[in-house]
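# Inside the fold
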Amino acid sequence: MVALAFDDNYAMAAGVTITSVIKNNDSLHFCFHLLVDNVSNDNIAKLKELVQHNISIKIYYLNDNFDINPDTLVLGYLSAVS
């Protein structure tokens, strides 16, 4: 699972990120969760074109009613291990 949050200003960068993950891990299955705010229909359509047999994309549209439940929020980090 990979999660990205962005608006229309970063839609192209999100697409590049998703494409890079797919191309550099072509034998893996991924589900991308995209939290978007004010992203154009054209950019949403371009992102959906990245769906493949081993790639799924779920889009969550944020708006003024979006609220984070602090009781279920999980924050974490990843560290590189050699």
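The structure displayed is predicted, hence computed values, not measured ones.

All right, on to the overall build of the chain then. Looking only at helices and strands, the chain features two helices and three strands. Expressed as a percentage of the 82 residues in the chain, the buried residues total 28%. Residue pairs in contact within the chain that sit at least 24 positions apart in sequence constitute 75% of those at least 6 positions apart. A total of about 6,500 Å² of accessible surface is found on the chain, and carbon and sulfur atoms cover 53% of it.

Okay, the sheet that holds strand β1 (residues 2–7) next. By way of backbone hydrogen bonds, the strands of a sheet pair with one another, either parallel or antiparallel. With parallel pairing, three strands are arranged side by side in an open sheet as β1-β2-β3. Lying at the two open borders of the sheet, with one neighbouring strand each, are β1 and β3 (55–61). Going across the sheet, the axis of each strand differs from the next one's by a mean of 20 degrees, ignoring polarity. For β1 and strand β2 (residues 30–37), the ladder comprises six bridges, and the chain directions are parallel. Residue pairing for β2: V2 is matched across the bridge by F32. Against the sheet, helix α1 (residues 11–23) touches β1, β2 and β3, its axis set at about 160 degrees to β1. On top of the sheet, helix α2 (residues 41–48) reaches β1, β2 and β3; it is set at about 155 degrees to β3, its chief contact.

As a note on interpretation, predicted positions should not be read in detail where pLDDT is low. On average, residues of the chain carry a pLDDT of 86, and 79% of them reach 70 or more. Confidence, read as mean pLDDT per element, is least for β1 in the chain (93) and greatest for α2 (97).

A word on the side chain of N54. Here N54 is to be found in the loop between α2 and β3. Excluding residues that lie within four positions of it along the chain, N54 makes contacts with D26, L28, H29 and F30.

As judged from the seven bridges shared by β2 and β3, these two strands associate in the parallel manner. Bridge pairing in β3 places L35 opposite Y60. Taken together, β2, α2 and β3 form a β-α-β motif whose crossover is right-handed.

Locating T19 in the fold gives a position in helix α1. Sequence spacing of T19 and L47 is 28 residues, and the spatial spacing of their C-alpha atoms is 9.5 Å. Of note is the side chain of T19, whose polar atom sits 2.8 Å from the backbone oxygen of G15.

Here is what the cut-offs are and how they apply
- Residues numbered from 1 in each chain as written.
- Predicted model: local features only at pLDDT ≥ 70, side-chain atom pairs only at ≥ 80, totals over all residues.
- Heavy atoms only, no water.
- Helix = DSSP H or I, 4+ residues; strand = E, 2+ residues; numbered from the N terminus.
- Buried < 20%, exposed > 50% of the residue type's maximum accessible area, 1.4 Å probe, protein only.
- Contact = heavy atoms within 4.5 Å.
- Areas by Shrake-Rupley, 256 points an atom, 1.4 Å probe, with all protein chains shown as cover.
- Pairing = 2+ DSSP bridges.
- Axes fitted to C-alpha atoms, helices over the stretch in contact; angles between N-to-C directions.
- pLDDT = per-residue confidence, 0-100.
- Right-handed = clockwise from strand over helix to strand, strands pointing away.
- Polar contact = N/O pair within 3.5 Å; in protein donor to acceptor, adjacent residues only side chain to side chain.

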